[in-house]
Amino acid sequence: MASASVIDDYVTGLARSLRGPWRVKRDLMAEARDGLVDATEALEADGLPRSEAERLAVEEFGAIGEIAPAYQEELAVGQGRRTALLLFLSVPLTTLMWSVIWQNYPADPAAAMAQWPGWFGPVSRVVDYSGIAVGLLGAVALVVVGPARRRVRRPLLVTRALGVLIWVKVPVVGVLSFLLSSASAIDVTVYAPGVVATLLTGAVTLWQLHSGTRCLMASSRVSG
């Protein structure tokens, strides 16, 4: 029916203009649709025909270009919340996992340490402490875009900052980790737990990059 497509087309068009977490987007679109249906039914009760009531309800709701930024900001903050949680959980756990791997590797630690260059220790600490720092930043961001969101003027900046943080952290830590691995004279690929840790780290890293990219994409679409 033509009358049923007015709201459907509007909500579909609005959804296509937005980027962000699917579940948050689904809930926002459901709320928008419910609001339009309620407005339509109220106008119908005043005597307007269904098609005219839907058209007027959509018109009063606002043009997609006018209301989309508010919806997009909500989605961007939702993506920031997910990314903050990911960093808070995954980075410290990954750091801890590798600490356990190195401490339990079946080789003589003293002999391995004797072959390490002088920069190995400081760089290793930088990698470890940076993991803890990123995890703490994730915890802070999780609070900012969660319980404390209403007290923050521009929570959207947190989402954008998380995306930048990930795209800075991953290459830098990746290079430092490669240098450490090359200089350690220890081959974790022949140690089953090391193989598992390597695969898990790779998967988590890709997940972080994906989430960071979505943060940048979602926040960049908000105008005004």
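Positions within a chain are numbered from 1, following the residues in the order the chain's sequence is written. It should be noted that, the model being predicted, local features are given only for residues of pLDDT at least 70 and side-chain atom pairs only at 80 or more, the latter also being counted only at that level, while totals for whole chains, interfaces and linings use all residues. As a rule here, side-chain values come from all non-hydrogen atoms in the structure, and water together with hydrogens is ignored.

Draft legend 1. Structural view of helix α6 (residues 120-144). In this description a helix means any DSSP run of H or I spanning at least four residues, a strand means any run of E spanning at least two, and both kinds are numbered starting from the N terminus. How far a helix is expected to stretch is found by multiplying one less than its residue total by 1.5 Å. A rise of 1.5 Å per residue sets the reference length of α6, with its 25 residues, at 36 Å; its end C-alpha atoms lie 36 Å apart and thus fit the reference within 8%. Along α6, the positions that sit buried rather than exposed are F120, V123, V127, G131, V134, G135, G138, A141 and V144. By definition in these notes, contact holds between two residues if any of their heavy atoms fall within 4.5 Å. At its buried positions, α6 is contacted by α4 (64-104) and α7 (156-183). Between buried and exposed lies partly exposed: a residue is buried under 20% and exposed over 50% of the maximum accessible area for its type, with that area taken using a 1.4 Å probe on protein chains only.

Draft legend 2. How the structure looks around the packing of α4 against helix α8 (residues 192-220). Axis definition: a line fit to C-alpha positions, over the contact stretch in the case of helices; interaxial angles, taken between N-to-C directions, run 0 to 180 degrees. The contact between α4 and α8 brings their axes to 9 Å, and the two run at 160 degrees. Between α4 and α8, the angle falls in the class roughly antiparallel. Judged by the sense of rotation from one axis to the other, the crossing of α4 with α8 is left-handed. Charged residues are taken to be Asp, Glu, Lys and Arg, nonpolar residues to be Ala, Val, Leu, Ile, Met, Phe, Trp, Tyr, Cys and Pro, and polar residues to be all remaining types, Gly included. Of the residues contributing to the contact of α4 with α8, the split by class is 14 nonpolar, 12 polar and one charged. Any angle that is under 35 degrees is reported as roughly parallel, and any over 145 degrees as roughly antiparallel; angles of 65 to 115 degrees are reported as roughly perpendicular and all others as oblique. By convention, the crossing between two helices is left-handed when the near helix turns anticlockwise from the far helix through less than a right angle, and right-handed when the turn is clockwise.

Draft legend 3. Just the nonpolar core, in detail. What makes a nonpolar core is a set of buried Ala, Val, Leu, Ile, Met, Phe, Trp, Tyr and Cys residues whose side-chain atoms join them at distances within 4.5 Å. Judged by nonpolar contacts, the single largest core of 19 residues is most densely connected at Y10, V11, L14, L18, M29, L36 and Y71. Mapped onto this core, the elements with two or more residues apiece are α1 (2-16), α2 (22-45), α3 (50-61) and α4. Excluding residues within four positions of it along the chain, L14 makes contact with M29, I64, I67, A68 and Y71.

Draft legend 4. Focus on the pattern of salt bridges. Definition used for salt bridges: Asp or Glu carboxyl oxygen within 4 Å of a side-chain nitrogen of Lys or Arg. Going through the model one piece at a time under the given rule, you end up with six salt bridges. For E59, the salt bridge goes to R55, with nearest N and O atoms at 2.9 Å. A residue pair is termed a helical-turn pair when its members lie 3 or 4 positions apart in one helix, as E59 and R55 do in helix α3 at four residues. Sharing partners across several salt bridges, the network here consists of E44, R50 and E54.

Draft legend 5. Quick look at a negative patch on the surface. In this analysis, a patch consists of residues with relative accessible area above 30% that form no salt bridge, clustered at 9 Å for like charges and at 5 Å for the nonpolar side chains Val, Leu, Ile, Met, Phe, Trp and Tyr. Surface exposure here means Shrake-Rupley accessible area, sampled with a 1.4 Å probe, where a residue is shielded only by the protein chains that are shown. Counting rule applied: Lys, Arg positive; Asp, Glu negative; His and chain ends not counted. Positions of charges follow a simple convention, taking NZ of Lys, CZ of Arg, CG of Asp or CD of Glu. A surface patch of like charges, here negative, comprises E31, D34, D38 and E41. For D34, the position within the fold is in helix α2. Assessed through its relative accessible area of 48%, D34 is described here as partly exposed.

Draft legend 6. Examining the environment of V37 more closely. Tracing the backbone through its elements, the reader meets V37 in helix α2. Distance in space between the C-alpha atoms of V37 and V100 is 57 Å, their sequence separation being 63 residues.

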